[in-house]
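One letter stands for each residue in the lines below.
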Amino acid sequence: AQRVTQPEKLLSVFKGAPVELKCNYSYSGSPELFWYVQYSRQRLQLLLRHISRESIKGFTADLNKGETSFHLKKPFAQEEDSAMYYCALSSGGYNKLIFGAGTRLAVHP
Amino acid sequence: EAEVAQSPRYKITEKSQAVAFWCDPISGHATLYWYRQILGQGPELLVQFQDESVVDDSQLPKDRFSAERLKGVDSTLKIQPAELGDSAMYLCASSHYRDPYEQYFGPGTRLTVT
């Protein structure tokens, strides 16, 4: 079965510390993976996708097929990074997204 | 900037009553999605439309839920009768055919069934 697991419900760090939000997936095919973010009082929005291999707001994520992981990383956290982060997997012919349960990132001053 | 609109934002209803949610996607977005998000979980796709056609409703509880997008623009999701377990956030999203993975989400409707 296709599944996305985000093992941490809450990740709390201080400003300037490195951040790694974990995401593991199970999928029998060739996966496409995404990170979506929801800032306080804002809508859920796409942050980045693995296929573009780009850095957005200082965040990067590398797809590791051997470990079936797609962890989100940032070397120096900022207070404005505080948000809910969801890892998502594309499944099926109609681009269906399967979301993980999310990790709340809290960056303290 | 164009946004997905949803109404109502909040709905409280008694169990066994009918409830309906409305969504207006971004103009030009052919694909429309309805998700349910239970507290502490990620969004779960209920139904996906391509224009006016349903392309995925595998997780829609069809005995009580229905969805339509008659003219391929706005959409309505209905629950009849509502059950206590239906309490959740109902999110609508839309995407353009050129980039189906960038889904634009609405603010959601928070449903409480008492």
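Residues numbered from 1 in each chain as written. Chains lettered and ligands numbered in written order. Predicted model: local features only at pLDDT ≥ 70, side-chain atom pairs only at ≥ 80, totals over all residues. Heavy atoms only, no water.

A tally of regular secondary structure across chain A gives 0 helices and 11 strands. Taken over C-alpha atoms, the radius of gyration comes to 13 Å for chain A, in line with the 13 Å a tight globule of 109 residues would show. If one aligns the C-alpha atoms of chain A with their principal axes, the spans along those axes are about 45 × 30 × 25 Å. Here chain A holds 109 residues, and the buried ones make up 46% of them. Restricting to contacts in chain A with at least 6 residues of sequence separation, those with at least 24 account for 58%. Carbon and sulfur atoms form 49% of the exposed surface of chain A, whose accessible area is close to 5,700 Å². Taking the 14 positively charged and 9 negatively charged side chains of chain A as two groups, their mean positions are separated by 7 Å. (Helix = DSSP H or I, 4+ residues; strand = E, 2+ residues; numbered from the N terminus. Rg over C-alpha atoms; globule rule 2.2 N^0.38 Å. Buried < 20%, exposed > 50% of the residue type's maximum accessible area, 1.4 Å probe, protein only. Contact = heavy atoms within 4.5 Å. Areas by Shrake-Rupley, 256 points an atom, 1.4 Å probe, with all protein chains shown as cover. Lys, Arg positive; Asp, Glu negative; His and termini not counted. Charge placed at Lys NZ, Arg CZ, Asp CG, Glu CD.)

Residues and elements named next belong to chain A. One pass over the full model with this rule turns up 10 aromatic pairs over all chains. With 5.6 Å between their ring centres and 50° between their planes, Phe59 and Tyr85 make a pair best called tilted. Here Phe59, found in the loop between strand S6 (45-49) and strand S7 (60-61), pairs with Tyr85, found in strand S9 (residues 83-91); they are 26 residues apart in sequence, far enough to count as distant. Of the two residues, Phe59 and Tyr85, both sit in the buried class. (Phe/Tyr/Trp six-rings, centres within 6.5 Å; stacked < 30°, edge-to-face > 60°.)

All names here are of chain B. Backbone torsion omega between Ser7 and Pro8 reads -10°, so that peptide bond is classified as cis. Along the chain, Pro8 turns up in the loop between strand S1 (5-7) and strand S2 (10-13). Residue Gln80 is joined to Pro81 through a cis peptide bond whose omega torsion reads -5°. Positive phi is not limited to glycine here, since Ser16 has a value of about 80°. Position of Ser16 among the secondary structure elements: in the loop between S2 and strand S3 (19-24).

Next up on the list: the pairing of strand S10 (residues 96-99) of chain A. Residues and elements named next belong to chain A. Of the two faces of S10, the one lined by Lys96 and Ile98 and the one lined by Leu97 and Phe99 are each fully buried. In this sheet, S10 lies alongside S9 in antiparallel orientation, the contact comprising 4 bridges. The residue bridging Ser91 from the neighbouring strand is Lys96, located in S10. (Pairing = 2+ DSSP bridges.)

Another point: the sheet that holds strand S3 (residues 19-21) of chain A. Residues and elements named next belong to chain A. Within the open sheet, the 3 strands sit side by side as S3-S8-S7. Their pairing is antiparallel. Looking along the sheet, the strands with just one partner apiece sit at the ends: S3 and S7. Examined bridge by bridge, S3 and strand S8 (residues 72-74) share 3 bridges and lie antiparallel to one another. Considered in S8, the bridge of Leu21 is made with Leu72.

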